[in-house]
Every structure is written in C-alpha cells, then in structure tokens.
Amino acid sequence: MSPAHLRARLPAPNLLVWLVFGVLAILCLILRDDEKWLVKYPKDWMLPIEAGLEFLMDWFTANFKPFFRLISDVLEWPMRGLQALLQASPWPVTIAIVAIIAYAAQGWRLAAFCIASLFYMMIVGYWDESMSTLALVGMSVPLSLMIGFVMGLLGFQFRWARRVIEPTLDVMQTVPTFAYLIPILILFGIGPVVGMVASAVYASPPMVRNLMLGLQRVPDNVIESGQMSGCSAFQLLFMVRIPAATHTIMIGVNQTIMAALAMVIIAAIIGGFADIGWEVLSTMRKAQTGQSLLAGLVIVLIAMMMDRISRGFAERTGEIHVRRSGNYIARHPWLSSMATAVVAGTLLSWAAPVFSAYPEAWIIYPAEDLNQAVSWFTRNFFDTTDAIKTYTLYFFMLPMKAGLERIARPGSWGFEMTTMASVIYWVILVAIGGLAARLGGWRSVVAVALLGILFYYGASGTPWPVFVVAVTLIALQVGGWKVALFAFLGMAFMLLSGAWPRAMLSFYLTATSVIICFVAGGALGIWAAQNDRVSAVLRPINDTLQTMPLFVFLIPVVMVFLVGDFSALLAIIMYAIVPAIRYTEHGIRQVDPVAIEAARMMGCTERQILWKVRLPLAIPEIMVGLNQVVMFALAMLVIAALVGTKGLGQWVYDSLTNARFGQGVIAGGSMALMAMIADRIIQSWAASKKRDLGLST
Amino acid sequence: MTGADDQEVKLTCRHVWKVYGPAADRFFTSGKGDVADAAGLIESISESGHIGAACDVTFDVHFGEIFVIMGLSGSGKSTIVRCLSRLVEPTAGEVILDGEDLLRVSRDKLIDIRRHKMGMVFQNFGLLPHLSVVENVAFPLQIQGVTKEKRLARAMEMIDLVGLGGRETSYPRQLSGGQQQRVGIARSLAVEPELWFLDEPFSALDPLIRRQMQDEFLRLQQLLHKTIVFITHDFLEALRLADRIAIMKDGRIVQIGTPAEVVMQPADDYVSEFTQDVPRVKVITAGDIATSADLHPATDDVVDEHATLEEIMPRFAAGSDVVAVKSGEGAIVGSITAQMVLSALADSHAAGDAA
Ligand SMILES: Nc1ncnc2c1ncn2[C@@H]1O[C@H](COP(=O)(O)OP(=O)(O)OP(=O)(O)O)[C@@H](O)[C@H]1O
Ligand SMILES: [Mg+2]
C-alpha cells in the first residue's frame with residue numbers, strides 16, 4: 001500500500017476540522033432561539049447590491065437604449081416577414097417541403113412522421129401559432145450559428161480569446177433561462193425580438209464548443225498534408241480544417257437548434273407573437289387542461305421534428321454522395337422536387353381555396369373532451385394521487401424545507417415534537433451514525449450528521465453559519481482551497497445581496513429532487529445495465545425527454561397534482577432523472593471486461609460482481625451523471641416557478657414580469673452560483689475518485 | 001555507387017537541431033547549429049529534461065537521388081523530414097534548397113515553394129476525409145487556383161499512373177491501406193514536385209503489398225527522376241530503394257553511405273546490429289568489387305555495375321570464369337572473377353562477426 005493510501009486512512013487533520021465544526025454547529029443550534037440573527041441574516045449586514053445594479057443599468061439604458069431599439073427594429077421586420085410568409089404560404093407547400101427535407105435527412109419514416117405531425121397541427125387549429133414559432137426559430141438559429149461560428153473561430157485561433165470564452169460559456173450554461181430575458185427585455189423593449197435575441201444568445205454555446213472541439217480534433221496528418229499542398233492559413237482553415245470537422249460541427253448545429261427552440265418557447269412568456277409557447281402558457285395559467293395538452297403536444301412534435309431532422313443531417317455528413325449525372329434536374333433532385341412542390345402547391349391553392357388555408361370548419365379541437373377525461377381521471381384516482389402527494393410532502397419535502405421540528409404534528413407524523421421526541425430523533429441518528437462509521441468510516445458519519453441536521457431543522461431553519469461552513473468544508477476537502485474559496489464567496493454573495501432565504505428554498509427543492517432522481521435513476525440505470533431489453537425501452541424515452549422544451553413537463557403534473565411544490569418536484573424529476581439513468585447505465589456497462597472476468601474467475605456471484613466490482617468502478621461516471629442531474633434540476637427549477645414554487649426561480653420570474661434588473665441579476669446570479677458551486681464540488685470529487693481508482697493519471 | 005547521378009546538390013541539411021521542451025531556444029545563441037561541442041550540448045539538453053529530437057543533422061541530397069533516412073522508432077526521422085519541409089521549425093541550423101536558405105524565406109514564399117517544388121507522402125496517408133479520390137489528388141492544384149477542368153484531368157492522369165483508375169469517385173474510407181497510400185502518392189505527384197518527401201510511406205502496409213508498392217515506387221522513379229528523401233525503419237526496404245542511406249540514432253546521424261558501404265563497413269555496433277541479418281549477396285554490387293586491372297577480360301559475359309552478387313553468381317555457376325562489368329553508359333569499367341565474389345562475401349562475413 002502506498003504512503004498516500006496510508007495517509008488517507010489516518011483521521012487527522014480532516015476529521016479534526018469536522019470535530020471543530022461539530023462543536024460550532026451544536027453551539028449555533030443551542031443559541032438559535034435566543035440569537036435570531038443566526039437563522040435570519042440581518043438586513044443591516046447586507047450590501048445595496050440590487051440598487052447598485054439598477055443604477056448601472058439605468059445609466060446604460062440612458063445612453064445606449066436608442067442603439068438597441070434600432071437593432072430591435074431592424075431585426076423585427078425580417079422576422080415578421082418570415083412569419084407572414086410561413087403563415088400565408090399554402091399548407092401543401094409547407095408540408096411537402098418539410099417532408100422532402102425530412103426524407104433527405106433520414107428517409108421516408110421521418111418524412112411520414114413529419115407529415116403526420118404537421119397535419120395534427122393543422123387539424124387541431126394551431127397552424128398559425130406553429131408557424132410563428134417556426135419563424136422565431138428560423139430567425140434565431142442562423143443568428144446563433146453566426147455568433148457561435150465567430151466565437152468558436154476566435155477561440156480556436158487565439159489563446160487569449162479561449163481564455164475569455166471558455167469561462168463565459170460555463171457561466172452562460174448555468175444562468176437560468178428566464179434570467180437571459182431580463183436585460184434583453186429592458187434593452188430591446190417588449191416584443192418578439194426579445195425572444196429571438198435571447199435564443200440566439202442562449203443557443204450559441206453548443207456551436208462554439210463543438211466548433212472549437214471539432215477543429216482541434218482534426219488529425220495532425222490531415223493538417224500537415226494541407227500545409228504541404230501549399231495552403232495559406234485561410235485555405236487551411238476553410239478547405240481543410242472545417243470540412244474535416246463537419247461531423248462535430250453538425251452535432252453542434254443540432255444542439256443549437258434544440259436550445260434555440262427551448263428558449264423561443266420560454267420567451268413566449270413575454271408575449272406578443274401569438275406563438276405556440278404563448279398558447280401553452282396562457283391556457284395553463286387559466287387551468288385549461290385540455291387546451292394546454294393539445295398545444296403542448298404541438299411543442300413536443302416540433303421538438304421531435306427539429307431534432308430528428310438536424311441529427312439526421314449530422315449523421316449523414318460522413319456519407320458518400322453518389323454523383324448524379326444527367327441534366328440539371330436529375331443532378332439536383334432535392335432542389336427540383338422542392339421547386340415542384342412550391343409550384344404544384346401554389347397552383348392547387350389557386351384552384352381550390354381548401355388548399356390555401358385549411359378551413360376553420362374542419363378543425364377538430366377536442367379540448368373539452370380531454371378536460372372531461374382528465375377530470376374523470378382525477379376524480380377517480382383522487383385518493384391515490386392525493387395520498388402520494390400528501391405522504392411525499394409531509395414525510396420528506398416539508399421536513400427538508402421547514403424542518404421536522406416544525407412539521408411533526410399528531411395529524412401527520414402521529415406525534416408532537418416534544419423534547420422527548422426530539423431526544424429520540426437524535427438517539428436514532430446517533431445509532432445510524434454509529435452504523436455508518438462501521439460501514440464507511442468517519443466521512444459517512446459526517447454525511448449522516450449533516451443530513452440529520454438538515455432534516456431536523458429544515459433548509460430554512462438551519463443557521464446560515466452552519467450551512468456556509470459545512471459547504472465550504474466539503475468544498476475544501478474534495479476540491480482544495482480554490483473550490484472552497486469559490487463556494488464561500490458564492491454563498492457570501494447570496495447573504496450580502498439578501499438572496500439567502502430564497503436560495504435556501506431553492507436548495508431544498510433541488511436537493512430533494514436530486515436525491516430522488518439519483519436513487520430512482522440510479523436504480524433504473526443499474527437495471528438497464530443488466531438487462532438489454534430494459535435498456536432498449538428506456539433509451540428512446542430518455543432521448544425524447546431530453547429534447548423537450550421545459551414547459552412541456554409542467555402540463556401533465558399540473559393536470560393531476562395542481563400547482564405547488566409537489567408538482568414542481570415531479571416536473572424536475574421527470575427532466576433531471578435522465579442523466580442519472582444514462583450515466584449509471586453507461587458507467588456500469590463500460591467497466592473494463594478484464595476486471596469482471598477476473599472477478600468471475602475468483603468465484604464472485606453476479607450480485608457480488610455488481611456491488612463489488614461494477615458499481616465501485618462506475619462511480620466516477622455516475623458522479624458525472626449526478627453533476628448533470630443537479631444542472632438539469634436547477635434549469636427546471638426556474639420553469640417550475642410557473643407552478644407556484646417559492647425561491648430563486650420565482651424571484652427570477654418575478655423580476656422578469658416587473659422588469660427589475662437588479663433583482664433579476666441577483667436571483668439569476670445566485671442560481672448560477674449554486675450550479676457552479678455544486679459543479680465544482682462534484683467534478684473534483686469525481687476526479688479524485690477517478691485518480692483513486694487508477695482510471696486516470 | 002551514386003554513379004551517374006553524382007552531380008549537383010539539390011538539398012542541404014546543415015547542423016539542424018530540433019529540441020522539444022519548455023526552453024528549447026536557450027541552447028543556441030545564434031540560429032546556426034554548428035556548435036563546437038555537439039556531444040556536450042546533447043548531454044545538457046537531455047539532462048535539463050528537453051528532448052533532442054534531431055541533433056546536429058548534416059547531409060546533402062543530390063539531384064535525382066533516392067536518399068533514405070532510416071533508424072528505429074523515435075530516432076528522429078519524421079522530425080528531420082518535417083524540418084526539411086518546415087512543417088516544424090528547426091531550433092537551429094540551415095536547410096538549403098537550390099542555394100536558398102529555406103528557414104529564412106517568408107511565409108508566402110514558403111507556401112509558393114510547397115505548392116510548386118515539394119511533394120510529401122505521409123505515414124498515415126493524411127488524406128482529406130471529405131474529398132473523393134480524384135478531389136484529394138486534385139486538391140494541391142485547387143489550392144494553386146488551377147481551373148477545375150485542368151486539375152481534374154491532371155488528377156486522373158496521376159490516378160492512372162498509380163494504378164487506381166476506376167476508383168476515382170471513391171472516398172478514402174472505402175479504400176484499403178495500400179490504395180489510400182497510392183492516393184497519397186498520386187496527390188504528392190500532382191504538382192510535379194522536384195523534391196519528393198516520403199515519410200514511412202509503406203510502413204502501414206502488409207509485407208506483400210509493401211513489396212508491390214516498392215516495385216511501383218522504383219518504376220515511378222525510373223519515369224520521373226525526382227530528388228527523393230525517403231524515410232523508413234525497415235532496413236531491407238532501405239537497401240532495395242536507396243542510392244544512399246543515412247542511419248539515425250537518438251536524433252543523430254551515425255552513418256551515411258551507399259547500401260554496400262553501410263553493410264560492409266558499419267560505423268558502429270548500432271549499424272552492424274541492423275545489417276547483421278542482411279544477406280550480403282543482395283547488397284554488394286558488381287561495381288563495388290570489380291577490379292579495373294583487367295579492362296579487357298576474355299569473356300562475352302557483361303553485367304551492369306548495379307547488379308548484385310546474387311544476380312551475377314548464376315553466370316559463374318554456368319561455367320564463366322570471369323565477367324566484364326559495364327557502367328551505366330555502357331563502357332567496360334572492370335571485371336570480376338568467381339574468386340573475387342567468394343572473397344568479398346567471406347570478408348564481409350568476417351567483418352560482420354568481428355563487429
Ligand atoms: N511535438 C513533440 N513534442 C515533444 N517531443 C516530440 C514531439 N514530436 C516528436 N517528439 C519526440 O522526438 C523524438 C523523435 O520523434 P520522431 O517522430 O521524429 O521519430 P521517428 O523516428 O519518426 O519515429 P517513428 O518511426 O515511430 O515514426 C521522439 O522521442 C519523440 O517523442
Ligand atoms: Mg515517424
């Protein structure tokens with residue numbers, strides 16, 4: 001055993017630090033009732049950050065607003081034009097063109113799917129709304145690709161640019177979606193351009209990343225052969241590097257398109273463009289379940305179409321083009337069939353008005369039937385759904401939020417939180433801690449103690465010094481002093497700016513859903529890793545869940561469970577469980593077969609192989625999954641504000657509706673900080689695990 | 001045995017150094033690499049944690065010659081050839097092409113030289129994955145701005161030359177390793193370079209195809225008469241192809257000579273290690289052992305001075321006592337007896353054992 005391992009076995013000095021922390025925590029918890037400031041961070045100790053930000057923004061708008069308004073006007077007319085064009089062109093033309101593109105991307109199956117989807121939009125009567133959404137995406141994607149292309153090239157060519165771009169991308173991907181809209185809204189003024197600009201900005205990071213990655217990965221010998229052919233720097237870039245990196249770049253295009261769509265849907269909240277996102281949002285607000293389901297399905301279909309088509313093209317990039325011979329038409333089958341479609345469709349629409357605009361009378365809008373079905377369902381299953389909701393709320397969520405001490409009542413937990421009861425609680429906890437000590441060493445004891453404190457006092461009842469010190473210490477132990485400093489400063493920002501109480505509410509909801517995702521998703525992932533059939537069933541579901549714009553998740557949960565924390569929790573879980581499943585499965589499956597064979601030769605049972613070989617070796621990969629779960633949960637948290645959660649997400653949303661820049665930055669910034677702190681801690685944890693396992697150097 | 005090609009120098013590599021590491025430049029005060037104590041410098045380079053990939057490399061390449069650089073993996077062969085083409089910047093030294101220091105020319109001039117004077121074939125083919133065979137071959141011409149018709153015609157010519165006619169619309173991925181390398185060769189020849197670099201062009205191929213490609217390479221060279229720098233780590237390949245061989249070890253050149261010189265007078269143990277298993281009869285040529293004492297031997301048996309002993313021995317077996325040796329121009333330059341062949345083989349064998 002190496003000396004490093006030996007040192008890891010010795011308790012000091014890490015354990016000592018935790019013992020000191022334990023004393024501090026006990027002290028804080030005892031003094032909590034007398035010293036109110038321990039729980040409620042006093043106003044006097046805050047800094048006027050919000051006012052400062054408002055001041056800056058006022059100054060900026062006072063000077064630059066006309067400039068941005070000009071851009072807004074310039075961008076608005078092509079967008080309105082595209083919208084008008086898409087809405088006015090005869091539906092057979094649109095459907096045929098989409099079908100041809102889909103066929104070119106992936107064949108007739110996808111074409112059929114697209115035709116069916118478009119027909120659904122038309123029959124239900126959401127054609128114009130869908131076309132508006134398409135127009136927004138159609139405008140923002142090229143903008144986004146352009147931004148991404150320029151930034152990616154800069155980052156690739158210049159080291160200094162990369163040094164700015166990479167951290168910016170990290171931040172951009174953690175800032176909650178709504179928060180993007182606030183400054184853009186203030187600068188550009190209310191209108192559809194906001195959504196377009198926001199999604200152009202929001203969707204550019206994948207393009208930047210993939211472009212840089214693709215260009216860097218072009219093999220050296222390909223570059224050298226370009227150089228020896230006498231390429232100038234410009235030729236080398238555009239005739240060798242970029243074409244050789246097409247596949248990676250196209251994957252970036254796919255991701256950019258999906259991100260743009262997601263943002264366009266979210267930006268619908270600003271209103272004013274009569275697009276499908278707005279339809280979902282407004283019907284959901286009015287609790288029109290059926291309507292929002294019908295409109296939500298449109299979003300799902302649009303997302304699936306866009307994803308499949310752009311991914312199809314990405315996968316085709318490596319393919320061999322058969323060179324066609326013959327005249328112009330024969331050589332350009334796609335172009336000529338599209339031209340035919342336009343001409344034929346236009347002629348048709350002149351011949352019969354049915355083909356120009358789908359007649360109102362033929363619209364089938366089964367919203368009422370759906371409503372009745374839903375209410376029948378809720379009526380009949382109310383007992384079940386309500387029981388699930390109540391149990392989860394009372395036994396898990398509320399203690400995490402407000403603490404067992406305040407939640408335990410005879411009506412719910414069956415006892416009053418008397419001194420006796422709390423003594424019993426702590427005794428049980430100590431017992432669990434003892435068990436943990438035997439199984440996993442002192443680190444597990446610390447984990448049990450922290451969770452025990454959290455469960456007893458709740459996220460909002462835990463004294464902030466205890467919380468701050470605990471997180472900083474964890475960061476210090478896993479990631480070293482840099483991560484610790486970052487975590488500490490991040491939390492200090494939340495305290496000083498007054499975001500702390502809301503941050504704790506967000507923490508509670510995130511932590512709760514992450515725990516559930518991790519346990520349930522991990523179990524599903526293990527199952528899928530052992531069973532190919534399960535894996536085959538889960539994969540398309542995961543793929544689909546992952547491409548959905550976040551709004552969509554709210555519809556079914558609100559339908560059954562109404563607004564509230566529980567619905568938010570479910571929506572978050574639906575979205576954030578995917579990486580838990582995926583990474584667990586992948587991590588287990590990719591364990592070195594030699595290690596498994598060796599274990600089998602030693603006489604391990606399959607179960608032992610799973611628990612003693614596969615899972616431990618898969619931990620680094622699972623941790624990456626955990627990291628993703630946290631990021632996804634935080635992303636969804638903002639959206640969940642729409643179903644009435646409290647916390648940072650709701651604060652971001654509130655600042656958007658009231659155009660309060662300072663509050664938006666603080667709330668959005670705090671969420672980004674939470675995401676980044678979690679990210680740093682988990683990443684360094686995964687990295688150190690990986691080192692311990694000898695999976696990396 | 002450089003024979004008739006023994007003329008002007010095309011390319012000179014003079015005291016070229018390539019040092020990798022954090023502070024590679026500090027070992028040289030001037031750009032010139034002719035330091036007084038090269039061995040000492042090499043020592044201090046490796047002691048300071050730098051890698052001397054090429055150290056004090058000096059040689060000339062003549063017009064129309066096949067100059068082979070060989071050595072074990074990691075000995076610095078690729079580094080040197082990349083210095084010659086300036087794909088990597090040497091840390092010190094001079095590379096002189098047609099009397100001009102290549103390391104001092106401007107970017108634009110360098111691009112121009114690469115476009116018109118140099119061709120290179122890469123160890124791992126280096127084909128552009130997004131282009132078909134014909135587009136790959138035409139690529140250097142496209143870069144020069146040659147019209148589409150002209151460049152495609154020229155590319156087709158080259159494709160026929162390397163025997164790939166009919167595969168021009170395929171993509172690199174659809175070709176075998178040998179076929180891909182032919183594309184690489186065709187591409188490097190498309191611009192009619194005067195100077196042809198080949199970096200282990202056949203190493204990735206299996207032995208049968210390699211042999212076939214070597215024959216084809218020799219055939220092409222008969223046709224084209226390029227000045228060639230050929231890299232290999234396969235000594236037999238070097239023997240087959242080379243006019244002269246440079247043997248590298250740890251970044252340095254340990255010996256330069258004709259194949260026969262290298263086999264018969266290895267400079268040190270490292271070289272003799274290489275040559276140990278080489279059958280002498282395949283290396284020693286008539287020109288190497290012929291004596292000019294008897295310029296009018298009484299025989300009708302005439303052999304070329306490039307013929308190996310393996311090729312002449314049947315003549316003696318058939319009953320000749322002596323054969324005449326003629327030069328490339330056809331003049332008789334000497335004669336060989338069976339006794340001379342035997343002693344040449346015995347000598348070289350003894351020399352090999354002693355080493
Ligand atoms: N970019 C680089 N950075 C650091 N060291 C390098 C670099 N390129 C080459 N080297 C080192 O220089 C030495 C010579 O490498 P080179 O590629 O010239 O060897 P080679 O003789 O071509 O080998 P092979 O037959 O395997 O191709 C090696 O020790 C290699 O590790
Ligand atoms: Mg090499």
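Definitions and cut-offs
Residues numbered from 1 in each chain as written. Chains lettered and ligands numbered in written order. Predicted model: local features only at pLDDT ≥ 70, side-chain atom pairs only at ≥ 80, totals over all residues. Heavy atoms only, no water. Helix = DSSP H or I, 4+ residues; strand = E, 2+ residues; numbered from the N terminus. Rg over C-alpha atoms; globule rule 2.2 N^0.38 Å. Buried < 20%, exposed > 50% of the residue type's maximum accessible area, 1.4 Å probe, protein only. Contact = heavy atoms within 4.5 Å. Areas by Shrake-Rupley, 256 points an atom, 1.4 Å probe, with all protein chains shown as cover. Lys, Arg positive; Asp, Glu negative; His and termini not counted. Charge placed at Lys NZ, Arg CZ, Asp CG, Glu CD. Domains from an automatic or database assignment. Near = heavy atom within 4 Å. Polar contact = N/O pair within 3.5 Å; in protein donor to acceptor, adjacent residues only side chain to side chain. Nonpolar A, V, L, I, M, F, W, Y, C, P; charged D, E, K, R; others polar. Core = buried A, V, L, I, M, F, W, Y, C linked by side-chain atoms within 4.5 Å. pLDDT = per-residue confidence, 0-100. Pairing = 2+ DSSP bridges. Salt bridge = Lys/Arg side-chain N within 4 Å of Asp/Glu carboxyl O. Buried area = accessible area lost by both parts, 1.4 Å probe. Axes fitted to C-alpha atoms, helices over the stretch in contact; angles between N-to-C directions. Phe/Tyr/Trp six-rings, centres within 6.5 Å; stacked < 30°, edge-to-face > 60°. Lys NZ or Arg CZ within 6 Å of the ring centre and 35° of its normal. Expected span 1.5 Å × (residues − 1). Bend = angle between axes of the 7 residues up to and from the residue.

Student: Before we move on, can you summarise the overall build of chain A with the specific residues and values?
Tutor: In terms of regular secondary structure, chain A is built from 30 helices and 0 strands. On C-alpha atoms alone, chain A measures out to a radius of gyration of 28 Å, which is about the 26 Å that the 2.2 N^0.38 rule sets for 697 residues. Seen through its principal axes, chain A has C-alpha atoms that stretch 85 × 65 × 60 Å. Within the span of chain A, comprising 697 residues, buried residues form 50% of the whole. Once local pairs closer than 6 in sequence are excluded, the contacts in chain A between residues at least 24 apart make up 79%. For chain A, the accessible area works out to roughly 33300 Å², and carbon and sulfur atoms hold 68% of it. Treating the 47 positive side-chain charges of chain A as one cloud and the 38 negative ones as another, the clouds have centres 7 Å apart.

Student: Describe in detail the domain arrangement of chain B, supporting the description with residues and values.
Tutor: For chain B, the domain assignment lists domain 1 (4-107 + 229-278) and domain 2 (281-354). Between the C-alpha centres of domain 1 of chain B and domain 2 of chain B there is a distance of 33 Å.

Student: Quick one: what's the story with the site of ligand 1, residue by residue and with numbers?
Tutor: Residue and element names in this part refer to chain B. In the neighbourhood of ligand 1, 13 residues make up the surrounding shell, with Ser-73, Gly-74, Ser-78, Thr-79 and Glu-200 lying closest. Measuring from an oxygen atom of ligand 1, one finds a backbone N or O atom of Gly-74 at 2.8 Å. Separating an oxygen atom of ligand 1 from a side-chain N or O atom of Glu-200 is a distance of 2.7 Å. A total of 630 Å² of accessible area belongs to ligand 1 in isolation, and the protein chains cover 61% of it. A total of 3 residues in the shell around ligand 1 trace back to one element, the largest contributor, which is helix H2 (residues 77-84). Here the shell around ligand 1 is composed, by residue class, of 4 nonpolar, 7 polar and 2 charged.

Student: Lay out the nonpolar core in plain terms, naming residues and giving numbers.
Tutor: Membership of the largest hydrophobic core comes to 199 residues, with the highest contact counts inside it found for Phe178(A) and Leu181(A). The next biggest cluster of nonpolar side chains, apart from the first, holds 47 residues, and it includes Met70(B), Val137(B), Trp196(B) and Val283(B).

Student: Lay out the confidence of the model for chain A in plain terms, naming residues and giving numbers.
Tutor: The share of residues in chain A with pLDDT of 70 or more is 97%, and the mean pLDDT across the chain is 87. Confidence drops under pLDDT 50 across residues 1-12 of chain A; counting only partners more than four residues distant or on other chains, this segment forms 3 contacts.

Student: Could you give me a rundown of the pairing of strand E4 (residues 92-97) of chain B, with the residues and numbers involved?
Tutor: Residues and elements named next belong to chain B. The buried count for E4 comes to 6 of 6 residues, which makes it a mostly enclosed element. With 5 bridges joining them, strand E1 (residues 9-20) and E4 adopt antiparallel strand pairing. By the bridge assignment, Thr-12 is partnered in E4 with Ile-96. When E4 meets strand E5 (residues 100-101), the two strands line up antiparallel, connected through 2 bridges.

Student: Give a description of the pattern of salt bridges that names residues and reports values.
Tutor: Within the structure shown, the criterion is met by 27 salt bridges over all chains. Across the pair Arg660(A) and Glu50(A) runs a salt bridge, and its minimum N-O distance is 3.0 Å. One end of the pair, Arg660(A), is in the loop between helix H29 (648-657) and helix H30 (661-692); the other, Glu50(A), is in helix H3 (residues 49-88), with 610 residues separating them in the sequence. The partner of Arg209(A) in a salt bridge is Asp170(A), and the shortest N-O contact between them spans 3.2 Å. Linking Arg209(A) in helix H10 (residues 204-217) with Asp170(A) in helix H7 (residues 159-174), this pair joins segments that are 39 residues apart in sequence. Accessibility expressed as a relative area gives 29% for Arg209(A), which makes it partly exposed. A relative accessible area of 39% means that Asp170(A) is categorised as partly exposed. Counted as one network, the salt bridges with shared partners bring together Lys10(B), Asp98(B), Lys117(B) and Glu194(B).

Student: Just give me the short version of the interface of chain A and chain B, but keep the residues and values in it.
Tutor: Between chain A and chain B, the contact holds 20 residues from the first and 26 residues from the second. Across the interface of chain A and chain B, roughly 2000 Å² is buried in total on both sides, 60% from carbon and sulfur atoms. At the junction of chain A with chain B, the criterion picks out 1 salt bridge. Where Arg82(B) meets Glu224(A), a salt bridge forms, and the shortest distance between an N and an O atom there is 2.6 Å. Connecting chain A to chain B are 7 residue pairs in polar contact (both at pLDDT 80 or more). Listing elements by their share of the side of chain A that touches chain B, those giving two or more residues are helix H11 (220-228) and helix H12 (233-244) of chain A. The greatest single-element share of the side of chain A that touches chain B, amounting to 7 residues, is contributed by H11(A). Looking at the side of chain A that touches chain B, its residues break down into 8 nonpolar, 10 polar and 2 charged.

Student: I'd like a description of the sheet that holds strand E7 (residues 195-199) of chain B, backed by residues and values.
Tutor: Residues and elements named next belong to chain B. Strands sit in the order E6-E7-E8-E3-E9-E10 across an open sheet of 6 strands; the sheet is mixed. Either end of the sheet is taken by a strand with one partner, and the two such strands are strand E6 (118-121) and strand E10 (252-257). Direction aside, neighbouring strands of the sheet carry axes that sit 15° apart on average. With 5 bridges connecting them, strand E9 (residues 244-249) and E10 associate as antiparallel partners. Across the sheet, the residue bridging to Lys-249 is Arg-252, located in E10. Relative to E6, helix H6 (residues 177-189) is tilted by about 175°, and along the sheet it contacts E6 and E7.

Student: Any details on the packing of aromatic side chains? Residues and values, ideally.
Tutor: All names here are of chain A. As enumerated under the stated definition, the model contains 40 aromatic pairs over all chains in all. Summarising the aromatic geometry, the rings of Phe-60 and Phe-68 are spaced 6.0 Å apart at their centres and angled 45° between planes, so their arrangement reads as tilted. For Phe-60, a relative accessible area of 27% puts it in the partly exposed group. Three or more aromatic residues link up through ring pairs in this structure, and these residues are Trp-59, Phe-60, Phe-64, Phe-67, Phe-68 and Phe-188. The residue whose ring lies beneath Arg-680 is Phe-486, and the NZ or CZ to ring-centre distance is 4.5 Å.

Student: If you had to explain helix H26 (residues 565-589) of chain A to someone new, which residues and values would you point to?
Tutor: Residues and elements named next belong to chain A. For H26, with 25 residues, the first-to-last C-alpha span of 36 Å sits near the 36 Å given by 1.5 Å per residue. The largest bend in H26 is about 35°, located at Ala-576, with the proline Pro-579 one to four residues further on. H26 sits mainly inside the fold: 19 of its 25 residues count as buried.

Student: Lay out the side chain of Ser130(A) in plain terms, naming residues and giving numbers.
Tutor: Residues and elements named next belong to chain A. Checked against the element boundaries, Ser-130 lands in helix H6 (residues 127-157). At 2.6 Å, the side chain of Ser-130 and the backbone oxygen of Tyr-126 are in polar contact. Apart from residues lying up to four places away in sequence, Ser-130 is in contact with Met-121, Val-298 and Ile-302.

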